[in-house]
Amino acid sequence: MTAMIIDGKAHAAALRARVADGVAGFVAAAGRKPGLAVVLVGEDPASAVYVRTKTRMTAEAGMAGFEHRLPADTTSDDLLALVDRLNADDTVDGILVQLPLPAHIDERRVLTRIDPDKDVDGFHPVNVGRLATGLHGFVPCTPLGCLMLLRATLGELSGLEAVVVGRSNIVGKPMAQLLLQQSCTVTVAHSRTRDVAAHVRRADIVVAAVGIPHFIKGDWIKPGASVIDVGINRIAKEDGGAGLVGDVDFAGAAAVAGAITPVPGGVGPMTIACLMRNTLVAACRRVCAAEPE
Ligand code: NDP
């Protein structure tokens, strides 16, 4: 193996420690804790785990967490009414509605109802537009975490060839915007791209957000490239248990890359740390305090 392993857990712990320092400063100045409201509709087990982790990390950062668990048969109107209450609640700085929502609820209507200045997930079209035009807003946590890992690994990104594989609203598209803002030359590949391998072979930076285990092969990677693997795929292991793998063939890619994130322990921990950071930023903006770095 030649690649440096990018330790997402360590980077995330350092970011959470910086956020906790910022929270202490906020509490001293504002006389209250930054508050994050997390809304979970239904019983999806993976979502329940994510929400528990987010609530625990919120408390560990010294912030107030407000968990709202609603039954799976909650109506769109009831959920929208809760969002309205949270928008109006001065103790709530950030609102996160855990996705996916049950099929009978119109996800777009719910996400666009969140006050853009409390939209710490960065999914509201106003924040999408702010990111695209270079205005201050909220950037989705996963691509923000990827960018932080790249900046910490490479420093200046200007002029580098970046290939993002995947074009979802949650990961691929905002990742491409962030890399463009860093003056990378950005290519976005997707399911209709004719020869994904040919694009990846040119890349100094590869971000894989596809959702297919080991989709990116080791021999696609340019020697010395930085590889960020966003994928979280549950697979059956030979011993009958379950394991998590990324979208990149880790062993193959690590033999040629300059740096690579592991799965688990790469992008995943950064996502939650960035949620904490976005919540602190939201709180600081709402009381006009100086923003944390
Ligand atoms: P989506 O399913 O929304 O998007 C997947 C993207 O991959 C689509 O744009 C799709 O293209 C593209 N794609 C699918 N097949 C191919 C192919 N054969 N060749 C090229 N591109 C292809 O997934 P997400 O973006 O939400 O998530 C991607 C992965 O990241 C998943 O494994 C998910 O679990 C993980 N994830 C991890 C997070 C973390 O915190 N680490 C957070 C969020 C997601 P098209 O648009 O044409 O269909």
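Rules of the game
Residues numbered from 1 in each chain as written. Predicted model: local features only at pLDDT ≥ 70, side-chain atom pairs only at ≥ 80, totals over all residues. Heavy atoms only, no water. UniProt positions renumbered as here; feature names shortened; annotations may be inferred. Helix = DSSP H or I, 4+ residues; strand = E, 2+ residues; numbered from the N terminus. Buried < 20%, exposed > 50% of the residue type's maximum accessible area, 1.4 Å probe, protein only. Lys, Arg positive; Asp, Glu negative; His and termini not counted. Salt bridge = Lys/Arg side-chain N within 4 Å of Asp/Glu carboxyl O. Polar contact = N/O pair within 3.5 Å; in protein donor to acceptor, adjacent residues only side chain to side chain. Contact = heavy atoms within 4.5 Å. Patch = residues over 30% accessible without salt bridge, like charges linked within 9 Å, V, L, I, M, F, W, Y side chains within 5 Å. Areas by Shrake-Rupley, 256 points an atom, 1.4 Å probe, with all protein chains shown as cover. Near = heavy atom within 4 Å. Nonpolar A, V, L, I, M, F, W, Y, C, P; charged D, E, K, R; others polar. Core = buried A, V, L, I, M, F, W, Y, C linked by side-chain atoms within 4.5 Å. Domains from an automatic or database assignment. Pairing = 2+ DSSP bridges. Axes fitted to C-alpha atoms, helices over the stretch in contact; angles between N-to-C directions. Phe/Tyr/Trp six-rings, centres within 6.5 Å; stacked < 30°, edge-to-face > 60°. Lys NZ or Arg CZ within 6 Å of the ring centre and 35° of its normal.

An unreviewed UniProt entry lists the chain under the name Bifunctional protein FolD, with Sphingomonas oligophenolica given as the organism. The UniProt entry for the chain carries the following text under Pathway (unreviewed entry): "One-carbon metabolism; tetrahydrofolate interconversion." Per UniProt, the comment on the chain under Function (unreviewed entry) is "Catalyzes the oxidation of 5,10-methylenetetrahydrofolate to 5,10-methenyltetrahydrofolate and then the hydrolysis of 5,10-methenyltetrahydrofolate to 10-formyltetrahydrofolate."

(A) Structural context of the side chain of Asp119. In this structure, Asp119 sits in the loop between helix H4 (107–113) and helix H5 (125–133). Of the side chains with opposite charge, Arg130 comes closest to the buried, unpaired Asp119, at an N-O distance of 7.0 Å. A distance of 2.9 Å separates a polar side-chain atom of Asp119 from the backbone nitrogen of His124. Contact partners of Asp119, with chain neighbours within four places excluded, come to Ile95, Ile114, His124, Asn127 and Phe138.

(B) Summary view of a nonpolar patch on the surface. On the surface, Tyr50, Ile232 and Leu244 cluster together into a nonpolar patch covering about 260 Å² of accessible area. As for its placement among the helices and strands, Ile232 is situated in the loop between strand E8 (226–229) and strand E9 (233–236).

(C) Focus on the site of the ligand. Looking at the ligand, there are 20 residues lining it, with Arg167, Ser168, Ser191, Ile232 and Thr271 nearest. Between Arg167 and the ligand, the recorded distance is 2.8 Å, taken from a side-chain N or O atom to an oxygen atom. Take Val230: an N or O atom from its main chain is 3.4 Å from a nitrogen atom of the ligand. When isolated, the ligand has an accessible area of 930 Å², and the protein chains bury 69% of it. Ranked by residues supplied to the shell around the ligand, first place goes to helix H10 (residues 267–286) with three residues. Tallied by class, the residues present in the shell around the ligand amount to nine nonpolar, 10 polar and one charged.

(D) Summary view of the nonpolar core. One finds Met175, Leu179, Ile205, Val207, Ile228, Val230 and Met276 to be the most contacted residues of the largest nonpolar core, which totals 52 residues. Broken down by secondary-structure element, the contributors of at least two residues to this core are helix H1 (8–30), strand E2 (35–41), helix H2 (45–60), helix H6 (141–154), strand E5 (161–165), helix H7 (172–181), strand E7 (205–208) and H10. Per-element accounting of this core gives the leading share, 12 residues, to H10. Two domains each provide a minimum of three residues to this core, namely domain 1 (31–115) and domain 2 (141–268). Setting aside chain neighbours within four positions, we find Met276 in contact with Val19, Leu36, Lys54, Met57, Thr58 and Met63.

(E) Geometry of the UniProt feature "binding site: NADP(+)" (unreviewed entry) in the chain. When the UniProt feature table is mapped onto this chain numbering, "binding site: NADP(+)" (unreviewed entry) sits at Gly166, Arg167, Ser168 and Ile232. Structurally, Ser168 can be placed in the loop between E5 and H7. Filtering out sequence-adjacent residues up to four positions away, Ser168 remains in contact with Lys173 and Pro174. Residue contacts for Ile232: discarding those within four places in its chain leaves Leu244 and Val245.

(F) Local environment of the side chain of Thr74. Counting through the fold element by element, Thr74 comes out in the loop between strand E3 (64–70) and helix H3 (76–88). Since its relative accessible area comes to 7%, Thr74 is described here as buried. Within the structure, the side chain of Thr74 is placed 2.6 Å from the backbone oxygen of Pro71, a separation counted as a polar contact. Once you skip the residues sitting within four places of it in the chain, Thr74 turns out to touch Val41, Leu79, His104 and Ile105.

(G) A look at the sheet that holds strand E4 (residues 94–97). With respect to topology, three strands assemble into an open sheet ordered E3-E2-E4, the strand pairing being parallel. The open sheet terminates on both sides in strands that have one partner only, identified here as E3 and E4. On average, adjacent strands in this sheet sit at an angle of 15° to one another, irrespective of strand direction. Here E2 pairs with E4 via four bridges, running parallel. Bridge pairing in E4 links Ala37 to Ile95.

(H) Up close: the UniProt feature "domain: Tetrahydrofolate dehydrogenase/cyclohydrolase catalytic" (unreviewed entry) in the chain. Sites flagged by UniProt as "domain: Tetrahydrofolate dehydrogenase/cyclohydrolase catalytic" (unreviewed entry) map to residues 6–121. Strand forms 16% of residues 6–121 and helix 51%; the C-alpha atoms that close the span are 24 Å apart.

(I) Just the packing of aromatic side chains, in detail. Counted according to the given criterion, the structure contains one aromatic pair. Each ring, one from Phe215 and one from Trp220, has its centre 5.6 Å from the other, and the planes form 85°; the classification is edge-to-face. Of the residues examined, Phe215 reaches a relative accessible area of 24% and is grouped as partly exposed. Accessibility expressed as a relative area gives 13% for Trp220, which makes it buried. Over the ring of Phe138 we find Arg285, and its NZ or CZ is 4.8 Å from the ring centre.

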